[in-house]
Amino acid sequence: MSLATFVKKQGAFAKFNIGYQRGETVLAWAMVSPWVAGFLLLTAFPMVASLALSFFRWDILSAPRWVGLANYEKLFLIDPLPMHALKITVLFSLASIPLNIVFGLAIAMLLNTNIRGLAVFRTIYYLPAILSGVAVAILWQWIFSSDFGLLNTALRVVGIEGPAWLGSKVWVLPAFVIMRLWSVGGGMVIYLAGLQAIPTDLYEAAEIDGANWWQRIFRITLPMLSPTIFFQLITGVIFTMQIFTETFIMTDGGPANSSLFYLLYLYRQAFQNFKMGYASALAWVFFLAILLLTLILFATAKFWVYYEAESGEED
C-alpha cells in the first residue's frame, strides 16, 4: 500500500469517526431532552419566577405590585409566625432524624443475619415506606385519638391514662416524631445494602484479634457504614424539614400553633390568604436555610465520614 493511499484511508476513517461521534452526541441530547425540558419548565423557571415574585405583592386576582424587600422585612421583623414555624420544624427534625437513623440501622443489623423468614421480615418493615402520606396520616390520627385510639387503649391495659396526643401542646410534637418512625423501613433497606457491602474478612480478622461485638461495631461497622449514614443524614434533613401532609391532615397546625410547621404556614399564605409574594419570600428563606444546613453537614463530613478509596490513596 502506497503512502498516499494510506493517508487517504486514514482521512476517510477520521471523517467517519467524527460523524459517528457527532451522531452519538445528537442521540444523547435527544434522549435527555425530555428531562431537560421538564427541568427547565417545571423546576428552573418556577424557581426563578418565585424569586422575582418575592419582591412583589400579588393576590392572584390583581396585577403584581413591586414592594422591594417589604416581604422579607415582614418575614424577619414583623410577622412572628415564620420563626415560630421554623423553630417547630427544627425541633421536630432534631428529634426525628437521629431516631430514624438509629432505628433504621438497628433493624438493618438485625435483618443482616441468616434467620428463617428473612425476606418476609424485610418486606414487613419496608412496606410502610411505600404507603400514601394521606392514608398514613389518617391511620395515625386514629391511633392517637384520646378517646378510642389504639395507643391510649393499649396504655389503659397496663394502667396508664394516655394524653390527648394531638390535642395537647406538650404531646403533639412527640406524636409526630413517633409517627415518623413508621417509615423507618425505607432507610433500613439502604443500611442493609451498606452492611452487605462490608467485607466479611474484616470481621474475621477482628475476631481472631479478640475483638468483642461492641468493638467490631464501633471499629468496623460504623466507620465502613459512615458514607451510608451521611447519605441518610442529608436526605433525612431535606425530607424531614419539609413535613406537610401529616400536620395538614391531622392537626392543621394546632393546638395553638404548636404543630405549625414551616411548609404549612407557607401553604396558608399562598393558597388560603393568596399572598403569593410573601409566600415566595417564605419559600426562598426556607430553601436557603436547608441549603446552608446541608453545606454545613458536608463541611463536617471530612471529620467523621470514612471513604476507603481516599484512605487507600493517602497510604
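Everything below is about the structure shown above.
In this report, the structure presented in the accompanying data block is examined. (Residues numbered from 1 in each chain as written. Predicted model: local features only at pLDDT ≥ 70, side-chain atom pairs only at ≥ 80, totals over all residues. Heavy atoms only, no water.)

**Brief notes about the overall build of the protein chain**
Item 1. Helix and strand counts for the protein chain come out as 14 helices and two strands.
Item 2. Expected size for 315 residues packed as a compact globule is a radius of gyration near 20 Å; at 27 Å, the protein chain overshoots this value by more than 25%.
Item 3. Its C-alpha atoms put the protein chain at 100 × 70 × 35 Å along the principal axes.
Item 4. Out of the 315 residues in the protein chain, the part that is buried amounts to 34%.
Item 5. Pairs at least 24 apart in sequence give 67% of the contacts found in the protein chain among residues at least 6 apart.
Item 6. On the protein chain, roughly 19400 Å² of surface is accessible, and the fraction owed to carbon and sulfur atoms is 70%. (Helix = DSSP H or I, 4+ residues; strand = E, 2+ residues; numbered from the N terminus. Rg over C-alpha atoms; globule rule 2.2 N^0.38 Å. Buried < 20%, exposed > 50% of the residue type's maximum accessible area, 1.4 Å probe, protein only. Contact = heavy atoms within 4.5 Å. Areas by Shrake-Rupley, 256 points an atom, 1.4 Å probe, with all protein chains shown as cover.)

**Details of unusual backbone geometry**
Item 1. Here the residue pair G254 and P255 is connected by a cis peptide bond, since its omega of -5° sits within 30 degrees of zero.
Item 2. Mapped onto the elements, P255 comes out in the loop between helix 11 (245-250) and helix 12 (262-272).

**Details of the packing of helix 4 (residues 118-126) against helix 8 (residues 184-196)**
Item 1. In contact at an axis separation of 7 Å, helix 4 and helix 8 are set at 135° when each is read in the N-to-C sense. For the element pair helix 4 / helix 8, the angle class is oblique. Where helix 4 abuts helix 8, its residues R122, Y125 and Y126 lie against G185, G186, M188, V189, L192 and Q196.
Item 2. Broken down by class, the residue content of the contact of helix 4 with helix 8 amounts to five nonpolar, three polar and one charged. (Axes fitted to C-alpha atoms, helices over the stretch in contact; angles between N-to-C directions. Parallel < 35°, antiparallel > 145°, perpendicular 65-115°, else oblique. Nonpolar A, V, L, I, M, F, W, Y, C, P; charged D, E, K, R; others polar.)

**Looking at the packing of aromatic side chains**
Item 1. Under the criterion given, the structure shown has 20 aromatic pairs.
Item 2. An angle of 15° between the planes, with centres 5.3 Å apart, marks the rings of F244 and F248 as stacked.
Item 3. Given the relative accessible area of 23%, F244 is considered partly exposed.
Item 4. Exposure remark for F248: the relative accessible area of 33% places this residue in the partly exposed category.
Item 5. Taken together, the ring pairs connect W140, F144, W165, W171 and W182 into an aromatic cluster. (Phe/Tyr/Trp six-rings, centres within 6.5 Å; stacked < 30°, edge-to-face > 60°.)

**What to know about the pattern of salt bridges**
Item 1. Summed over all chains, the structure comprises three salt bridges.
Item 2. Two residues, E246 and R180, come together in a salt bridge whose shortest N-O distance is 3.4 Å. Placement of E246 in helix 11 and of R180 in helix 7 (residues 172-180) is noted, with a sequence separation of 66 residues between them. Both residues of the pair, E246 and R180, count as buried. (Salt bridge = Lys/Arg side-chain N within 4 Å of Asp/Glu carboxyl O.)

**Overview of helix 2 (residues 70-78)**
Item 1. Taken together, the buried positions of helix 2 are N71, Y72 and L75. All buried residues of helix 2 fall inside an arc of 100° around its axis, so they share one side. Exposed and oriented more than 90 degrees from the buried face of helix 2 are L77 and I78. (Arc of directions from axis to C-beta.)

**Some thoughts on the side chain of T294**
Item 1. Tracing the chain through its elements places T294 in helix 13 (residues 276-301).
Item 2. With near-sequence residues (within four places) excluded, T294 lies in contact with I234 and I238.

**Here we look at the nonpolar core**
Item 1. L75, Y191, Y262, L282 and F286 are the most contacted members of the largest nonpolar core, which totals 47 residues.
Item 2. For this core, the secondary structure elements donating two or more residues are helix 2, helix 3 (81-111), helix 8, helix 9 (200-208), helix 10 (213-241), helix 12 and helix 13.
Item 3. Residue contributions to this core peak at eleven residues, all from helix 13.
Item 4. Formed by 18 residues, the second largest nonpolar core is a distinct cluster that contains I88, F144, W165 and L173. (Core = buried A, V, L, I, M, F, W, Y, C linked by side-chain atoms within 4.5 Å.)

**Comments concerning the side chain of N152**
Item 1. Relative to the elements of secondary structure, N152 occurs in helix 6 (residues 150-157).
Item 2. Judged by relative accessible area, which is 0%, N152 ranks as buried.
Item 3. There is a polar contact of 2.9 Å between the side chain of N152 and the side chain of W165.
Item 4. Filtering out sequence-adjacent residues up to four positions away, N152 remains in contact with S145, S146, G162, P163 and W165. (Polar contact = N/O pair within 3.5 Å; in protein donor to acceptor, adjacent residues only side chain to side chain.)

**Brief notes about the environment of V172**
Item 1. Within the secondary structure, V172 sits in helix 7.
Item 2. Residue classification places V172 among the buried residues on the basis of a relative accessible area of 0%.
Item 3. Between the C-alpha atom of V172 and that of S258, which follows or precedes it by 86 residues, the distance is 7.3 Å.
Item 4. Residues within four places of V172 in sequence aside, it is in contact with W165, L166, T251, G254, P255, S258 and S259.

On their own, these measurements won't tell you what the molecule is for.
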